[in-house]
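Chains, contacts and geometry: an overview
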Amino acid sequence: MKNIIPFLIVVFMTSSTIAQTINVCKTCPISTLKGAINQAKDFDTIIVKKGSYKEHNILINKPLTIIGKGYPVIDGELKGEIITITANNVTVDGLFIINVGTSYTEDYAAVRVRRSKNFVIQNLVLEKLFFGIYIEKSRDGKIFHNKIIGDAVEEYNSGNGIQLWYSKNIEIEHNFVQHVRDGIYLEFSDFCTIKNNVSSLNVRYGLHFMFSNDDIYQDNTFDNNGAGVAVMFSKRIKMHNNIFKKNWGTASYGMLLKEINDAEIIGNSFEDNTIGINIEGSNRIIYKHNNFSNNGWAIKIKGACYTNTFTKNNFLYNSFDIAYNSKVNDNTFDKNYWSNYTGYDLDKDGTGDVPYRPVKLFSYIVNRTPETIILLRSMFIDIIDFSEKVSPVFTPDNLLDNEPQIKKMTW
Amino acid sequence: MLKILKYSFYDLMRSRWSYVYFAFYLLLGVVLLFLNNDLSKAVITLMNVIIVLVPLIGTIFGVMYYYNSKEFTELLLAQPLKRSSIFLGQYLGVALSLSMSLILGLGLPFVCYGLFESSAIWDFSLLLITGTFLTLIFTALAFNIAMSNENKIKGFGYAILLWLFLAVIYDGLFLMTLIMFEDYPLDKLSLIGTMLNPIDLSRTLILLKLDISALLGYTGAVFKQFFGTSFGLIVSFVTLIIWVVLPVLRIVYKSKKKDF
């Protein structure tokens, strides 16, 4: 006991000498964020008081904690990048950053993290931006509870909300991204977690993976984007409990999979999309417990998709359940609920006694001649669909659900 | 004309067939709601039924009524009445009583089920409007057929053929044409093809509401303008009105020329 008190005093004194607090405000001795960073020592805390600071190219090259009180505005005046972090252990919290410069040769960002570890970027509000938060060759960071609202109209002159490039172990949680090119974009980034974000009204994709492996995204909402989520050239991605809705248009998908292997798609819901999931060249993917409701096409399978399993999903009132453009089928459809199923269940075991064929002749015709979509729900189409169901000629005859469920499933 | 309309209307209201027709729709509505437990799903199923059945019943009923009331018509013709008003009155009497059975028969169960609080109300009213249009169009076509054929059997034959052609065969030919010319830009052709058939036209109108997400999947500027804006809705309604007006004009024209 006697030893502890002096020890505590020593700890208290050393810590107070190491971690100082520097205040920044318009009337303080230090009135700019740049000045405060210059004066600060490692592990200091800088508190930015309410006000407007016209600064850009702010370089944080030592481990600092920067906290905004009452959302101070950092105005870049469209001159270029605003904050660049190059040190480890940096925290940026509670700033309102606006007016990032636009350039066609450099990707200016509101906050850029370069070759750093253990950073935390939280409670930021970004507006009028080019790129929002840009993480470059960094690892073990957290991007938490930020609000990013852009004004992107065209793809070529706009940037992404949150972009990860060659980064590892990043957690992206509770962010709100709107009106940018890609809401969240991962390129060559592995082992990242993307959770509870809302990404909507973006010009291109809500979330975009490129060459990124072993990532997980769950409980996110993707609403009204050019396309909800594009997952391309990646392996072992887990996609759980996300909501994809209202992605309407000629090239709009809830989810776009291209060259994806060994992924899991579980518990998601797809509502009111032109195409729920568009699959191309993807293998060994598990689709389970998903809800597809009121989509134009629930699932559109293009070429080269093998050994995928679709089990226990609900297909509710889609114009087309599945479109399939090849005659060979190596995918399994099992124990799903199809609202278009017309069979019966005489032994009352909850499974239909007649197999269901999810691919209709009409979806084959529409694939070939897209204009025929105008004949959707015509009586003639019902008749030819029926005859195809009885004896399949154009659609793969082993593509069927042998155990269609009688009742909609809940989990 | 109004007097004759009134007479025809009350006559039909008293007839057994109107009640059967009304009861059929009532039953259909109740059963659909009972089985589906979901208003919007019921509306979709109903659409399939309406598109096929309303034209059939309109045609058969129109032809039947014309032949049945022929003696009475001849009696009326002996009176100092305008010919056009006699026939138009009869036509409207049939068409309106049929529409009323449709609207009441389907409307009642849906209203009881809580239509006014649901979001399906617009889809449902669109359904009733197209149903009414189809009744007006097909009754008028039936009157045309009946007036041109003295022979009852022939008249009925033509009426059923007309229905079969517009409901099924037309779509088959349409589909064949589209597939045959698939190398050419077809979006205009397909829209015009739809306009030329009232059943297809009403189907598209309802598709606009129910399957818009699928329809937008097709890349074509004309399609996009048609389905993506209210332009499609307006054009469809105008064409439906033309579809009513043209056969009615022919009834007027034919009634003036016809010998009895």
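Structure report, in brief. (Residues numbered from 1 in each chain as written. Chains lettered and ligands numbered in written order. Predicted model: local features only at pLDDT ≥ 70, side-chain atom pairs only at ≥ 80, totals over all residues. Heavy atoms only, no water.)

All names here are of chain A. Counted residue by residue, strand S25 (residues 227–235) has 7 buried out of 9 residues, so it is predominantly covered. Examined bridge by bridge, strand S22 (residues 205–210) and S25 share 5 bridges and lie parallel to one another. Across the sheet, His208 pairs through a bridge with Ala230, a residue of S25. For S25 and strand S28 (residues 253–261), the ladder comprises 6 bridges, and the chain directions are parallel. Note that in S28 the partner of Ser234 across the bridge is Ile260. (Buried < 20%, exposed > 50% of the residue type's maximum accessible area, 1.4 Å probe, protein only. Helix = DSSP H or I, 4+ residues; strand = E, 2+ residues; numbered from the N terminus. Pairing = 2+ DSSP bridges.)

Residue and element names in this part refer to chain A. In total, this model carries 1 disulfide over all chains according to the counting rule given. Two residues share a disulfide in this structure: Cys25 and Cys28, whose sulfurs sit 1.9 Å from each other. On the S-S bond that ties Cys25 to Cys28, the torsion sits near 95°, and the link is right-handed. Residue Cys25 is classed as buried on the basis of its relative accessible area of 12%. (Disulfide = S-S within 2.5 Å.)

Next up on the list: the packing of aromatic side chains. Aromatic rings considered in pairs are described by the distance between their centres and by the relative angle of their planes. A full pass over the atoms with the stated rule returns 33 aromatic pairs over all chains. Pairing Tyr66 of chain B with Phe143 of chain B gives two aromatic rings, centres 5.8 Å apart and planes at 75°, and the pair type is edge-to-face. Of this pair, Tyr66 of chain B sits in helix H3 (residues 39–68) while Phe143 of chain B sits in helix H6 (residues 121–148), placing them 77 residues apart in sequence. With a relative accessible area of 2%, Tyr66 of chain B lands in the buried category. Grouping aromatic residues by their ring pairs yields a cluster made of Phe209, Tyr217, Phe222, Phe244, Phe270, Phe292, Phe315, Trp338, Tyr341 and Tyr356 of chain A. The side chain of Arg112 of chain A reaches across the aromatic face of Tyr134 of chain A, ending 4.3 Å from its centre. A cation over an aromatic ring shows up here: Lys300 of chain A above the ring of Trp297 of chain A, its NZ or CZ 4.4 Å from the ring centre. (Phe/Tyr/Trp six-rings, centres within 6.5 Å; stacked < 30°, edge-to-face > 60°. Lys NZ or Arg CZ within 6 Å of the ring centre and 35° of its normal.)

It is worth spelling out the pattern of salt bridges at this point. Pairs can form between side chains of opposite charge once their charged atoms are near each other. Considering all chains together, one arrives at 15 salt bridges over all chains under this definition. Put simply, Glu81, Arg112, Arg114 and Glu136 of chain A are held in one network by salt bridges that share partners. (Salt bridge = Lys/Arg side-chain N within 4 Å of Asp/Glu carboxyl O.)

As a further point, take the interface of chain B and chain A. Contacts between the two partners involve 35 residues from chain B and, on the opposite side, 29 residues from chain A. Both faces considered, chain B and chain A share a buried interface measuring about 2800 Å² in area, 70% of it formed by carbon and sulfur atoms. Taken together, chain B and chain A are joined by 1 salt bridge. Note that Glu182 of chain B is salt-bridged to Arg368 of chain A, the shortest N-O span being 3.3 Å. At the surface where chain B touches chain A, the tally comes to 5 residue pairs in polar contact (both at pLDDT 80 or more). No other element matches the 8 residues that helix H7 (residues 152–180) of chain B contributes to the side of chain B that touches chain A. (Contact = heavy atoms within 4.5 Å. Buried area = accessible area lost by both parts, 1.4 Å probe. Polar contact = N/O pair within 3.5 Å; in protein donor to acceptor, adjacent residues only side chain to side chain.)

Purely geometric numbers; function is a separate question.
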